[in-house]
Amino acid sequence: GESVGLHLPTLSVQEGDNSIINCAYSNSASDYFIWYKQESGKGPQFIIDIRSNMDKRQGQRVTVLLNKTVKHLSLQIAATQPGDSAVYFCAENYPGANNLFFGTGTRLTVIP
Amino acid sequence: DTAVSQTPKYLVTQMGNDKSIKCEQNLGHDTMYWYKQDSKKFLKIMFSYNNKELIINETVPNRFSPKSPDKAHLNLHINSLELGDSAVYFCASSLITDTQYFGPGTRLTVL
């Protein structure tokens, strides 16, 4: 399954399929990006980050891809599990900023 | 073991009251933040503190005031609560502007 950030805030995928969550960021000067996962009733949890000198970074079952040309970030989750159901946020930071800037989030629902 | 903790987890109060939410981090971070999350899950930064100094203050009402007694604590005081203040408030901490680690949130309901 695949979503496009602001336009498709909800993504439903079958258990075992791969998920792709997309994020369009706003500032071409941004040099640090993070994906967070927020489960119901909990605070956002760090998943994976990437700096602008990279275009891909892999973690356990997750991969973040960065395309600076079109200011696009994606999170790929392999073999999606029910425990992956949550709202996913991308966040960006640029030099001189004192804070992260969060996107609106995408709700991922995994169908057993 | 909890890295960033907040109390209380739930807060129900009447309009016009004054309330506080406490936050503590044991990560040795030098910057702490407060966020407000609305019903649509949008996370809005309210304040951040770096070494006991306020470094950003977004356009929030002055009824909201952060208080940092030391580097490990950043409390949020809210005066004259209004219905629109109902939301989930998250505390977070980081090393300068690196990855932020969030607390479990405080759900504030103003009646």
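Worth saying up front: this structure is predicted, and the values here are computed from it rather than measured. (Residues numbered from 1 in each chain as written. Chains lettered and ligands numbered in written order. Predicted model: local features only at pLDDT ≥ 70, side-chain atom pairs only at ≥ 80, totals over all residues. Heavy atoms only, no water.)

1. Remarks on the state of the cysteines
Moving on, step 1. A complete count under the given rule lists two disulfides over all chains for this structure.
Moving on, step 2. Across a sulfur-sulfur distance of 1.7 Å, Cys-23 of chain A and Cys-90 of chain A are joined as a disulfide pair. In this pair, Cys-23 of chain A is assigned in strand β2 (residues 19–24) and Cys-90 of chain A in strand β8 (residues 86–93), connecting sequence segments 67 residues apart. Assigned by exposure class, Cys-23 of chain A and Cys-90 of chain A land together as buried.
Moving on, step 3. At a sulfur-sulfur separation of 1.8 Å, the disulfide partner of Cys-23 of chain B is Cys-91 of chain B. Taking the torsion about the sulfur-sulfur bond, which here is approximately -75°, the covalent link between Cys-23 of chain B and Cys-91 of chain B counts as left-handed. Residue Cys-23 of chain B is found in strand β3 (residues 19–25), and its partner Cys-91 of chain B is found in strand β9 (residues 87–94); the two are separated by 68 residues along the sequence. (Disulfide = S-S within 2.5 Å. Helix = DSSP H or I, 4+ residues; strand = E, 2+ residues; numbered from the N terminus. Buried < 20%, exposed > 50% of the residue type's maximum accessible area, 1.4 Å probe, protein only.)

2. Regarding the side chain of Glu-92 of chain A
Residue and element names in this part refer to chain A.
Moving on, step 1. Residue placement: Glu-92 occurs in strand β8.
Moving on, step 2. Here Glu-92 is buried and forms no salt bridge, its nearest opposite-charge partner Lys-71 lying at an N-O distance of 7.9 Å.
Moving on, step 3. From its side chain, Glu-92 meets the backbone nitrogen of Asn-27 in a polar contact 3.3 Å long.
Moving on, step 4. Not counting the four nearest positions on each side in its chain, Glu-92 is found in contact with Tyr-25, Ser-26, Asn-27, Ser-30, Tyr-32, Phe-33, Asn-99, Leu-100 and Phe-101. (Lys, Arg positive; Asp, Glu negative; His and termini not counted. Salt bridge = Lys/Arg side-chain N within 4 Å of Asp/Glu carboxyl O. Polar contact = N/O pair within 3.5 Å; in protein donor to acceptor, adjacent residues only side chain to side chain. Contact = heavy atoms within 4.5 Å.)

3. A short note on the interface of chain B and chain A
Interface size is commonly expressed as the accessible area that is lost once the parts come together.
Moving on, step 1. Taken together, the contacts link 20 residues of chain B with 20 residues of chain A.
Moving on, step 2. Taken together, both faces of the contact between chain B and chain A bury some 1600 Å²; the carbon and sulfur share is 55%.
Moving on, step 3. The tally of links from chain B across to chain A stands at zero salt bridges.
Moving on, step 4. The tally of links between chain B and chain A comes to six residue pairs in polar contact (both at pLDDT 80 or more).
Moving on, step 5. Taken together, the residues that form the side of chain B that touches chain A break down as 11 nonpolar, six polar and three charged. (Buried area = accessible area lost by both parts, 1.4 Å probe. Nonpolar A, V, L, I, M, F, W, Y, C, P; charged D, E, K, R; others polar.)

4. Considerations on empty space enclosed by the protein
Residues and elements named next belong to chain B.
Moving on, step 1. A full pass over the atoms with the stated rule returns one cavity of 30 Å³ or more.
Moving on, step 2. The calculated volume of the largest cavity comes to roughly 40 Å³.
Moving on, step 3. Together, 10 residues line the largest cavity, and Asp-30, Tyr-49, Asn-51, Ser-68 and Lys-71 are the ones closest to its centre.
Moving on, step 4. Taken together, the elements giving at least two residues each to the lining of the largest cavity come down to β4 (31–37), β5 (43–50) and β7 (64–70).
Moving on, step 5. A class-by-class count of the residues in the lining of the largest cavity yields two nonpolar, four polar and four charged. (1 Å grid on protein atoms, 1.4 Å probe; cavity = no way out; pocket = protein on both sides within 12 Å on 5 of 7 lines; lining within 4 Å. Points joined across faces, edges and corners; volume = space filled by probe spheres on them.)

5. Quick notes on the packing of aromatic side chains
Moving on, step 1. Counted by the stated rule, this structure contains 12 aromatic pairs over all chains.
Moving on, step 2. Judged by centre distance (6.4 Å) and plane angle (40°), the ring pair of Tyr-33 of chain B and Tyr-35 of chain B falls under tilted. In terms of burial, Tyr-33 of chain B and Tyr-35 of chain B fall into one category: buried.
Moving on, step 3. Following the ring pairs from residue to residue traces out a cluster consisting of Tyr-36, Phe-89 and Phe-102 of chain A together with Tyr-33, Tyr-35, Phe-90 and Phe-102 of chain B.
Moving on, step 4. Above the ring of Tyr-32 of chain A, the side-chain terminus of Arg-51 of chain A is found at 4.1 Å from the ring centroid.
Moving on, step 5. Lying over the aromatic face of Tyr-10 of chain B, Lys-9 of chain B brings its terminal NZ or CZ to 5.8 Å of the ring centre. (Phe/Tyr/Trp six-rings, centres within 6.5 Å; stacked < 30°, edge-to-face > 60°. Lys NZ or Arg CZ within 6 Å of the ring centre and 35° of its normal.)

Taken by themselves, the reported measurements are silent on function.
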